[in-house]
Protein chains: 2
Amino acid sequence: MDPEVTVLRLGHRPFRDKRLTTHCALASRALGASCMVYSGEKDTSLEDSIRSVSRRWGGDFPIRYARNWRKELSAESTRVHLTMYGLPFQKHIPKLRKSGPILLIIGGEKVPMEVYHSADYNLSVTSQPHSEVAGLALFLDRLYKGKELLSIHRDAEISVVPQKRGKLVRDRT
Amino acid sequence: MDPEVTVLRLGHRPFRDKRLTTHCALASRALGASCMVYSGEKDTSLEDSIRSVSRRWGGDFPIRYARNWRKELSAESTRVHLTMYGLPFQKHIPKLRKSGPILLIIGGEKVPMEVYHSADYNLSVTSQPHSEVAGLALFLDRLYKGKELLSIHRDAEISVVPQKRGKLVRDRT
């Protein structure tokens, strides 16, 4: 997908955040982001479960831990921080489509003010409290104009054959 | 918002699912759904936290527990079950906009096959494993054509004033 999006998840806590960070990673993968970097505490079981999904369901979605998230900001990317305090994201999507690789920063419970100041854009998906999973999903869907919904992983071991009712999985292993 | 959407969250487990169900409820509220019903185990702290958000941030977003989710299906609504095994949701959105109130069913870990058979539509937001929070967010955004992003709660005690950098909250209390 173009532009390439790296999702940077801040402040992961294995006990409290495992399922939410997993949902962030899986939604990022399913909706066209290229990879995820996370900071906070290292969590090998999180990494293993995302790698296992990628291996079985196809595509390439690396996930890695960053001890120091500040070093990730130095990449040659446009830094977009999703926050309910920011400007409406939908107005900024058209120019972000043309601005090269994006580092999409999503917070945990407490985001240091430094993040707000380091970001090129602080953008909100509504100005209401809700969910970083919902926020990144809407951001990616608007950025890619829904084309991400059509992507197919030809290297998948297993894939779903969409059904009106029930479940049908094609297993190539 | 029109059509009216009630979100039915199945199989809530207070210990394991609290934060995910909270995110489902908050994203539903922020993106224009009318209310949430949840089954599984009753969780008063979940209910209290959603009611507290609604009271402070405005609008009316009731949440209630249903011991028997089957009774909720009897309502005069079109039943849409979000599942990765279903048909691509984006193709069905246009007719759902005209079909009256919607009961949007989102599962927990294991959804009984009965749900697939009771639903009028089993719809997928991609055929990949990801997140019910992302799924319902994209469903609501497409259903309401992005108009839900512009809604304002005039009765809010607190609201965000969008900023390029930093946080500004208007407090009317």
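Up top is the structure these notes are about.
Residues numbered from 1 in each chain as written. Chains lettered and ligands numbered in written order. Predicted model: local features only at pLDDT ≥ 70, side-chain atom pairs only at ≥ 80, totals over all residues. Heavy atoms only, no water.

Caption draft 1: How the structure looks around the pairing of strand β1 (residues 5–12) of chain A. Residues and elements named next belong to chain A. Within β1, seven of the eight residues are buried, which leaves it mostly tucked inside the rest of the structure. As paired elements, β1 and strand β5 (residues 102–106) share five bridges and run parallel to each other. When the sheet's bridge partners are listed, V5 is paired in β5 with I102. Pairing between β1 and strand β2 (residues 35–40): five bridges, direction parallel. (Buried < 20%, exposed > 50% of the residue type's maximum accessible area, 1.4 Å probe, protein only. Helix = DSSP H or I, 4+ residues; strand = E, 2+ residues; numbered from the N terminus. Pairing = 2+ DSSP bridges.)

Caption draft 2: Focus on the relation of the copies chain B and chain A. Take chain B, turn it by 180°, move it 0.0 Å along the axis, and it overlays chain A with an RMSD of 0.0 Å. Taken together, the rotation angle and the small translation identify this as a two-fold axis. Within chain B, the C-alpha atom positioned nearest to the axis of rotation is that of A134 of chain B, 2.4 Å from it. Most of the interface of chain B is mirrored in chain A, where 100% of its interface residues are also at the interface. (Least-squares fit on C-alpha atoms with pLDDT ≥ 70 in both. Contact = heavy atoms within 4.5 Å.)

Caption draft 3: Spatial organisation of the side chain of H23 of chain B. Examined against the element boundaries, H23 of chain B turns out to sit in helix α1 (residues 14–30). Residue H23 of chain B is classed as buried on the basis of its relative accessible area of 7%. Discounting residues that sit within four places of it in the chain, H23 of chain B has contacts with L20, H130, S131 and E132 of chain A together with V133 of chain B.

Caption draft 4: Region of interest: the pattern of salt bridges. Taken as a whole and judged by the stated rule, the model has 18 salt bridges over all chains. A salt bridge links R19 of chain B to D17 of chain A; the shortest N-O distance between them is 2.6 Å. Taken together, the positions of R19 of chain B in helix α1 and D17 of chain A in helix α1 (residues 14–30) put the pair across two chains. Here R19 of chain B and D17 of chain A have matching classes, each one buried. In this structure, the salt-bridge partner of E47 of chain B is R51 of chain B, at a minimum N-O distance of 3.0 Å. With E47 of chain B and R51 of chain B both in helix α2 (residues 44–57), this residue pair falls four residues apart, about one helical turn. Since its relative accessible area comes to 36%, R51 of chain B is described here as partly exposed. One salt-bridge network, held together by shared partners, links R13 and D17 of chain A together with R19 of chain B. (Salt bridge = Lys/Arg side-chain N within 4 Å of Asp/Glu carboxyl O.)

Caption draft 5: Expanded view of the nonpolar core. Within the largest apolar cluster, 105 residues are counted, with the highest numbers of intra-cluster contacts made by F139 of chain A together with F139 of chain B. Those residues within four positions of F139 of chain B in sequence are excluded, and the remaining contacts are V80, L82, F89, I93, L96, L104 and L123 of chain B. (Core = buried A, V, L, I, M, F, W, Y, C linked by side-chain atoms within 4.5 Å.)

Caption draft 6: Quick look at unusual backbone geometry. Residues and elements named next belong to chain A. For the bond running from D2 to P3, omega is 0°, close enough to zero to count as cis. Mapping P3 onto the fold places it in the segment before β1. One non-glycine residue, T126, lies in positive phi territory at about 70°. For T126, a relative accessible area of 6% corresponds to the buried category.

Caption draft 7: Looking closely at the state of the cysteines. One pass over the structure, following the stated rule, counts zero disulfides over all chains. C24 of chain A takes part in no disulfide bond, and the closest cysteine sulfur to it belongs to C24 of chain B, at a distance of 13 Å. On the basis of relative accessibility, which here comes to 0%, the residue C24 of chain A falls in the buried class. Considering cysteine sulfurs only, C24 of chain B is the nearest to C35 of chain B, which forms no disulfide, with 14 Å between them. Note on C35 of chain B: relative accessible area 18%, which makes it buried. (Disulfide = S-S within 2.5 Å.)

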